[in-house]
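An overview of the molecular structure
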Amino acid sequence: MLEFEHQKTPSTLPQGLYIVSTPLGNKRDITLRALDILSAVDCIACEDTRHSAPLLQYYGIKKPLISYHDHNAASKRPVLLEKLQQGARVALISDAGTPLIADPGYKLVAACAPLGITVFTIPGCSAVIAALSIAGLPTDKFCFLGFLPPKTAGRRTALEAAKHYQMTLAFYETPQRIVETLEDVAAVLGNRQVALARELTKLYEQVIRGTVAEVLALVGAQAVLKGEMVLLISGAEDAQSYGEAALLEMLKKARETQSVKEAVATVSGATGLPRKEIYQLALREGV
Ligand code: SAM
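Residues numbered from 1 in each chain as written. Predicted model: local features only at pLDDT ≥ 70, side-chain atom pairs only at ≥ 80, totals over all residues. Heavy atoms only, no water.

Take the overall build of the protein next. The number of helices and strands found in the protein is twelve helices and ten strands. Each of the three principal axes of the protein carries a C-alpha extent, and together these read 75 × 45 × 30 Å. Relative to its 287 residues, the protein shows a buried fraction of 44%. Contacts in the protein between residues at least 24 apart in sequence constitute 72% of all its contacts with a sequence separation of at least 6. When the accessible area of the protein is evaluated, it comes to approximately 14,900 Å², of which 54% is carbon and sulfur surface. (Helix = DSSP H or I, 4+ residues; strand = E, 2+ residues; numbered from the N terminus. Buried < 20%, exposed > 50% of the residue type's maximum accessible area, 1.4 Å probe, protein only. Contact = heavy atoms within 4.5 Å. Areas by Shrake-Rupley, 256 points an atom, 1.4 Å probe, with all protein chains shown as cover.)

Here we come to the site of the ligand. In the neighbourhood of the ligand, 19 residues make up the surrounding shell, with Asp103, Ser126, Ala127, Tyr172 and Met229 lying closest. Tyrosine 172 has a polar side-chain atom sitting 2.7 Å from an oxygen atom of the ligand. For the ligand, an oxygen atom lies 2.6 Å from a polar atom in the backbone of methionine 229. Compared with its free state, where it exposes 570 Å², the ligand has 91% of that area covered by protein. When residues of the shell around the ligand are traced back to their parent elements, those giving at least two are β7 (168-173) and β10 (229-233). Of the residues assigned to the shell around the ligand, the class counts are eleven nonpolar, three polar and five charged. Counting contributing residues per domain, the shell around the ligand is built from domain 1 (16-125) and domain 2 (128-233), each supplying no fewer than three. (Near = heavy atom within 4 Å. Polar contact = N/O pair within 3.5 Å; in protein donor to acceptor, adjacent residues only side chain to side chain. Nonpolar A, V, L, I, M, F, W, Y, C, P; charged D, E, K, R; others polar. Domains from an automatic or database assignment.)

Here we take up the domain arrangement of the protein. Under the domain assignment, the protein is made up of domain 1 (16-125), domain 2 (128-233) and domain 3 (244-285). Centre-to-centre, using C-alpha coordinates, domain 1 lies 52 Å away from domain 3.

Here we take up unusual backbone geometry. At alanine 102, a position not held by glycine, the phi torsion is positive, near 55°. Along the chain, alanine 102 turns up in the loop between β4 (89-92) and α4 (106-112). In this structure, threonine 201 is a non-glycine residue whose phi angle is positive, near 70°. Inspection of the secondary structure puts threonine 201 in the loop between β8 (193-198) and β9 (206-211).

Let us look at helix α8 (residues 212-220). Listed as buried for α8 are Val212, Val215, Leu216 and Val219. Buried residues in α8, looked at end-on, bunch into an arc of 100°, giving them a common side. Next to the buried residues of α8 lie α7 (178-189), β8 and β9. (Arc of directions from axis to C-beta.)

Rendered as structure tokens:
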């Protein structure tokens, strides 16, 4: 057990709901403020009490735990809201990282504002941010799309929808599905640069970087690549990085056998650039 100094006593902590981030794996990745709050609240709502108990025990925090997960949220939400309306200080934590980020809590938070209940953030770890910070892919813009659908058809539709996003794409993935997902990424998005970040903050933390084909070859060669993982995929190129001259060349080639509309679709499909952008170029250059 680790000793730490509590900054706030229960009597000074304002009433409300506290959304508290907890570690992704390494128990020490928790903020001092998170420990202050967890020590001061009246109760802690968590996904799995058995999962959260060791963390709380490590920091010497003894509080009533209430389970709040996807399968009981509808019945537990009114109970928590009633406690909050009566003036309780309630913390919400998840199994790992930041609650609400691919985890329960959204409906609880949404229900608080109309009831005049204050919601406080106690920020900290989130796997998507941790992965982005070490992947080596552009981070100026990114799109987090949570978990992809479990079946190929749904997964390919979801990837198709993100095909033109000119920013890094971030997904949560499971060891059981990563090979199929990478195959679908190759089929829909092409051989882009990817980074597969696994077991972050844990003993076997690893980032596998390369093209989709390279990472697929590596991951496919293992019986099962174990652990929790975040898949990051480089975004679609923009017109500038292709260079207008190259795009014009492609358009002119396509126009030898195709209508303007077809040629625009061909170039858009080959480059991943939005049709609108290619069409404007075709119009401007009179191709
Ligand atoms: N709320 C969490 C957060 O803020 O990151 C995410 C919860 S979501 C149910 C769990 C998924 O997050 C895992 O399947 C995995 O994709 C990702 N994840 C969680 N811990 C991770 C870790 N240590 N390394 C890599 N990915 C992790």
